[in-house]
Amino acid sequence: MEPFSTTESQAGASQEWAKSPSPDNIIILAQDLWKTYDMEAIQVNALCGVTFSIVRGEYVAIMGPSGSGKSTLMNLIGCLDRPTSGAVIVQSRNLAEMTPLELARYRRQTVGMVFQAFNLLPRMTLEENVELPMRLAEVSRPERAARVREALERVHLEKRLTHRPGELSGGEQQRASLARALVNRPQILLADEPTGNLDSSTSDEILHLLREINQSLGVTMVMVTHERRLAEQFADRIAVMSDGKLTSDGAEA
Ligand code: ADP
């Protein structure tokens, strides 16, 4: 199979209907999500009843002050953590009802994640870093090599295969972590402050790239950011959180 080709042509053909908010097109549904952390003396309510839906192919930015629950919400969607109550439904499947095998596949293949810290392994080359998620997914060696090259081409790093993370700029490292997140061809990309460690022109470049990936591959993008200017420029809508609640879902009234 030609890498990404199927997804790409589907995305192109489906761009128009993809973002219409009919229930069939909802890819992520958070239903009355609560998350309470039990500390020694107190309980912290990180999420207090968040209900939120995202349509296939959308690019949604989530904004809000520090501590408002943005990362907690992202972690629940990525299934890095479980809600105290409520449900996360992705592609019509409740994550809480998945078997361990289905969950492993979900984390590996349905969602890709990038964070503020690039989390690349310093002793590995870029090629090895990007290949890593596919080793876990048991993709054959020739297929792995083709996909690594293609993912690095997509983020314009194809000439840096043998470099180690320490030999790259911050923007290049974030592009590499983006390639690693894309290599298993996820339908959803979760980006938690992907530009938090970058200067403003590099931030522009990364968000531009996220937009390009969203449009050309049809990958649904959910991004936490503090940068309103960039969110307004690149995202389809901006949801706002405050004190564990969604105060606006950014949809037009
Ligand atoms: P944001 O991403 O908007 O900065 P977070 O989702 O990280 O917010 O945090 C929301 C609230 O939950 C904060 O008050 C934070 O201190 C608390 N919190 C987050 N993670 C944990 C944890 N593992 N244990 C205890 N409290 C936590």
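It should be emphasised that the depicted structure is a prediction, and the values quoted were computed from it without experimental measurement.

Engineer: Any chance you could explain unusual backbone geometry here in plain terms?
Structural biologist: For residues besides glycine, phi is generally negative; the peptide bonds are generally trans as well. The phi dihedral of Ser92 falls on the positive side, at around 70 degrees, and the residue is not glycine. Tracing the backbone through its elements, the reader meets Ser92 in the loop between β4 (85-90) and β5 (93-94). On the basis of neighbour counts, which here come to 10 C-beta atoms within 10 Å, the residue Ser92 falls in the exposed class.

Engineer: Just to check I follow, could you spell out the sheet that holds strand β8 (residues 220-224) for this structure?
Structural biologist: Strand pairing in a sheet relies on backbone hydrogen bonds. The paired strands run either parallel or antiparallel. Across the sheet, six strands lie side by side as β6-β7-β8-β3-β9-β10; this open sheet has mixed pairing. Where the open sheet ends on each side, the last strands, each with one partner, are β6 (111-115) and β10 (245-248). Here the average twist between neighbouring strands, direction ignored, is 25 degrees. Bridging between β6 and strand β7 (residues 188-192) involves five bridges; their strand directions are parallel. Looking at the pairing, Met113 lines up with Leu190 of β7. In the packing of helix α7 (residues 200-217) onto the sheet, the strands contacted are β3 (59-63), β7 and β8, and the crossing angle to β8 comes to about 155 degrees.

Engineer: What is the right way to look at the site of the ligand in this model?
Structural biologist: Taken together, Tyr37, Met39, Val44, Ala46, Gly64, Ser66, Gly67, Ser68, Gly69, Lys70, Ser71 and Thr72 make up the full set of residues near the ligand. Broken down by secondary-structure element, the contributors of at least two residues to the shell around the ligand are β2 (43-55) and α2 (70-77). With three residues, the top contributor of residues to the shell around the ligand is α2. For the shell around the ligand, the class distribution of residues is four nonpolar, seven polar and one charged.

Engineer: How should the sheet that holds β2 be read in this particular structure?
Structural biologist: Taken in spatial order, the four strands of this open sheet run β2-β1-β4-β5, and their pairing is antiparallel. The open sheet has two edge strands with one neighbour each: β2 and β5. The sheet contact formed by strand β1 (residues 26-38) and β4 spans five bridges and is antiparallel. Bridging from a neighbouring strand, Trp34 pairs with Ser85 of β4. Strands β1, β2 and β4 of the sheet are contacted by α2, whose axis makes an angle of about 120 degrees with β1.

Engineer: Help me understand the nonpolar core in this model?
Structural biologist: When a protein is soluble and globular, its nonpolar side chains tend to lie buried together. Core analysis: the largest hydrophobic core is formed by 63 residues, its most contacted members being Val60, Ile62, Ala179, Leu190, Met221, Val222 and Met223. Ranked by the residues each element gives to this core, the list is headed by β2, at six residues. Apart from residues lying up to four places away in sequence, Met223 is in contact with Ala61, Ile62, Ala191, Pro194, Leu210 and Ala235.

Cut-off values and rules
- Residues numbered from 1 in each chain as written.
- Predicted model: local features only at pLDDT ≥ 70, side-chain atom pairs only at ≥ 80, totals over all residues.
- Helix = DSSP H or I, 4+ residues; strand = E, 2+ residues; numbered from the N terminus.
- Buried ≥ 20, exposed ≤ 12 C-beta atoms within 10 Å, placed from the backbone.
- Pairing = 2+ DSSP bridges.
- Axes fitted to C-alpha atoms, helices over the stretch in contact; angles between N-to-C directions.
- Contact = placed C-beta atoms within 7 Å.
- Near = placed C-beta within 6 Å.
- Nonpolar A, V, L, I, M, F, W, Y, C, P; charged D, E, K, R; others polar.
- Core = buried A, V, L, I, M, F, W, Y, C linked by C-beta atoms within 7 Å.

So, to be careful, I would describe these as geometric facts and stop short of saying anything about function.
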